[in-house]
Amino acid sequence: MELIYESKSNYDKKIKIRGSSCPFYSKKAMKKIHPQGDFIIAGSVGKGLKKKIGELHYRNKTIDYYANNYSRVRFKLRGYIAVNENRYIEVVQPKGIQRLILLLSILLLLLIPLIYVLQGSDIDPSAKNYVPSNGEEIKTDPDHIALPSYEKLIMKAGTDTAYVALYNPSQNPCYFKFTIYLRDSEAKIFESKMIPPGQAVTEIKFDKNFNEGVYPISIKIDAFSLEKKEVLNGGLIESRIVAME
Amino acid sequence: MKKLKVFLTGAMAFAMMMPMALTGVSAKESDPTSTDYESSAEVNYDTRNVIPDPDNPTDPDWGVQIPESVKLTKDTKAEASGVDVSVSLVAINGGTITKDPVDVYVRSANGYQLDSGVATNRKVAYAVKYETVAELNTTTNGKNFMKIATLKDSDTPADVKLTEKGKAYLLGTATKTTAYKDTLVYVVTTNGTTPTNP
């Protein structure tokens, strides 16, 4: 279908079409002219549009115009050109690559600290520097890891918390991750995150309360290399919780 | 003044009686001519202060030292040239080591096969040999736990066994230029519990 460009004295914007400056209404001006939005769109002009549906005659030039079901993500509506039969052609423009770059930069800026936080979150936030009460005495052989052993974890009956130093001896060349299971049911009742050498988590909050009694447990110790956090040999310490009134 | 004298006299009497009361020996027993001996010893088990608190958490009792990883090379194809995988009882808390026997078991995550993760010829067999047990390998043990040592500290030197020496070595030959991996899991128990195989 052929449409004819209508010149208007109150056009307030201009766009270059095939080397010629083409005036049109901005969205703001259009809102003043048609505050109720009661106008008909015949199509759209702009770089990168597809689905040609007709031609627009502007001065001595013919411009293709297209269906106006373009992507609102890729294209931005700049304004309107009045054409014959009281209709309008939308003037659209691809959203600039600069905007995309800016968006990606902002995203990257947001992601970098997020990645940093996520990597850091491998370390148990409650781990703190620790020295056993009588000092530490380890003569670790090269390429070996010292696993701490606990004959029993004593806690107050009727509570869910034991105060035990889940400790990674200072000479160990690895992180430790402790997981505690009830031996009878194999239910997991506690799991730490990674604990660096020389640090311990001392407040162990279990997933349940323990009434007075003795509960056999397994303390699984997973070891990870300090640099790449690769899985190393690990251990399982057979112990017990003693809940006392 | 009179009151002070009475107090001092009483205090002296109390002080004289104290040693006997503390040792649990009665006045009658201290008479060498008496044949009617009587003694008492109070047995106490006061558990009021044994529950650890946030300021005094339970320390590790002792430790077991295990190999960090098994790093085998083409030159470690025999027990004699194998890498050290010894396990030892070690002190962590101020030099204390348990006097109870500590059983140590081991199992291999991949059944004593180093895994490269590639599609073909991905595994290479290896073995672990501890002093007092037969060679552990994929055929004889698979992924099962095997008791490798009972470690013990003792006041009697002959009973002391703090280290179980062990070596790991290749049985097969790698055909891929990549990293082959396996992990060993050591179970430490003082209560005779046998770990459950996966």
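Just so it is clear, the structure is predicted and the values come from calculations on it, not from any experiment. (Residues numbered from 1 in each chain as written. Chains lettered and ligands numbered in written order. Predicted model: local features only at pLDDT ≥ 70, side-chain atom pairs only at ≥ 80, totals over all residues. Heavy atoms only, no water.)

A. Fine view of the sheet that holds strand β9 (residues 166–170) of chain B. All names here are of chain B. The 4 strands lie next to each other as β2-β9-β6-β5, forming an open sheet whose pairing is antiparallel. Bordering the open sheet on either side are β2 (83–84) and β5 (113–115), each of which pairs with just one other strand. Sheet topology places strand β6 (residues 123–130) next to β9; 5 bridges connect them, and they run antiparallel. For Y130, the partnering residue across the bridge sits in β9 and is G166. (Pairing = 2+ DSSP bridges. Helix = DSSP H or I, 4+ residues; strand = E, 2+ residues; numbered from the N terminus.)

B. Representation of the pairing of strand β8 (residues 87–94) of chain A in the model. Residue and element names in this part refer to chain A. Of all 8 residues in β8, 6 are buried, a share of seventy percent or more. Taken together, the 5 bridges between strand β4 (residues 40–45) and β8 define a ladder with parallel strand orientation. Within β8, the position partnered with I41 by the bridge is Y88. Across 8 bridges, the pairing between strand β7 (residues 75–83) and β8 is antiparallel. (Buried < 20%, exposed > 50% of the residue type's maximum accessible area, 1.4 Å probe, protein only.)

C. Examining the side chain of K129(B) more closely. Residue and element names in this part refer to chain B. For K129, the location among the structural elements is in strand β6. Despite being buried, K129 has no salt bridge partner; E79 is the closest side chain of opposite charge, sitting 5.0 Å away. Residues contacting K129, with those up to four places away along its chain left out, are E79, A134, E135, K165, G166, K167 and Y169. (Lys, Arg positive; Asp, Glu negative; His and termini not counted. Salt bridge = Lys/Arg side-chain N within 4 Å of Asp/Glu carboxyl O. Contact = heavy atoms within 4.5 Å.)

D. A look at the interface of chain A and chain B. Chain A puts 42 residues into the contact, and the matching count from chain B is 45 residues. Between chain A and chain B lies a buried interface of about 3600 Å² when both sides are counted; carbon and sulfur atoms form 53% of it. Summed over the shared surface of chain A and chain B, the number is 1 salt bridge. Put simply, chain A and chain B have 21 residue pairs in polar contact (both at pLDDT 80 or more) between them. Of all the secondary structure elements, the ones that give two or more residues to the side of chain A that touches chain B are β10 (144–149), β11 (153–156), β12 (159–168) and β17 (234–244) of chain A. The residue makeup of the side of chain A that touches chain B, split by class, is 21 nonpolar, 10 polar and 11 charged. Bridge analysis of β10(A) against strand β1 (residues 62–67) of chain B gives 6 bridges, and the strand direction is antiparallel. (Buried area = accessible area lost by both parts, 1.4 Å probe. Polar contact = N/O pair within 3.5 Å; in protein donor to acceptor, adjacent residues only side chain to side chain. Nonpolar A, V, L, I, M, F, W, Y, C, P; charged D, E, K, R; others polar.)

E. View of the pattern of salt bridges. Using the criterion set out here, one finds 16 salt bridges over all chains in the structure. Here E6(A) and K8(A) are joined by a salt bridge, their closest N and O atoms 3.6 Å apart. For K8(A), a relative accessible area of 35% puts it in the partly exposed group. Among the salt bridges present, the one from D155(B) reaches K99(B), with a minimum N-O distance of 3.0 Å.

F. Structural view of the sheet that holds β10(A). Spatially, β10(A)-β1(B)-β3(B)-β8(B) is the arrangement adopted by the 4 strands of the open sheet, whose pairing is antiparallel. The strands lining the two open edges of the sheet, one partner per strand, are β10 of chain A together with β8 (163–164) of chain B.

G. Local environment of the packing of aromatic side chains. Residue and element names in this part refer to chain A. Counted according to the given criterion, the structure contains 12 aromatic pairs over all chains. Ring centres of F206 and F210 lie 5.4 Å apart, and the angle between their planes is 85 degrees; this geometry places the pair in the edge-to-face category. Take F206 and F210: they sit in the same class, and that class is buried. Put simply, the rings of Y5, Y11, Y25 and Y58 touch in pairs and so form one group of aromatic residues. Looking at R72, its charged tip hangs above the ring of Y70, at a distance of 4.0 Å from the centre. (Phe/Tyr/Trp six-rings, centres within 6.5 Å; stacked < 30°, edge-to-face > 60°. Lys NZ or Arg CZ within 6 Å of the ring centre and 35° of its normal.)

It is worth stressing that arrangement in space is one thing and function is another; only the former is reported here.
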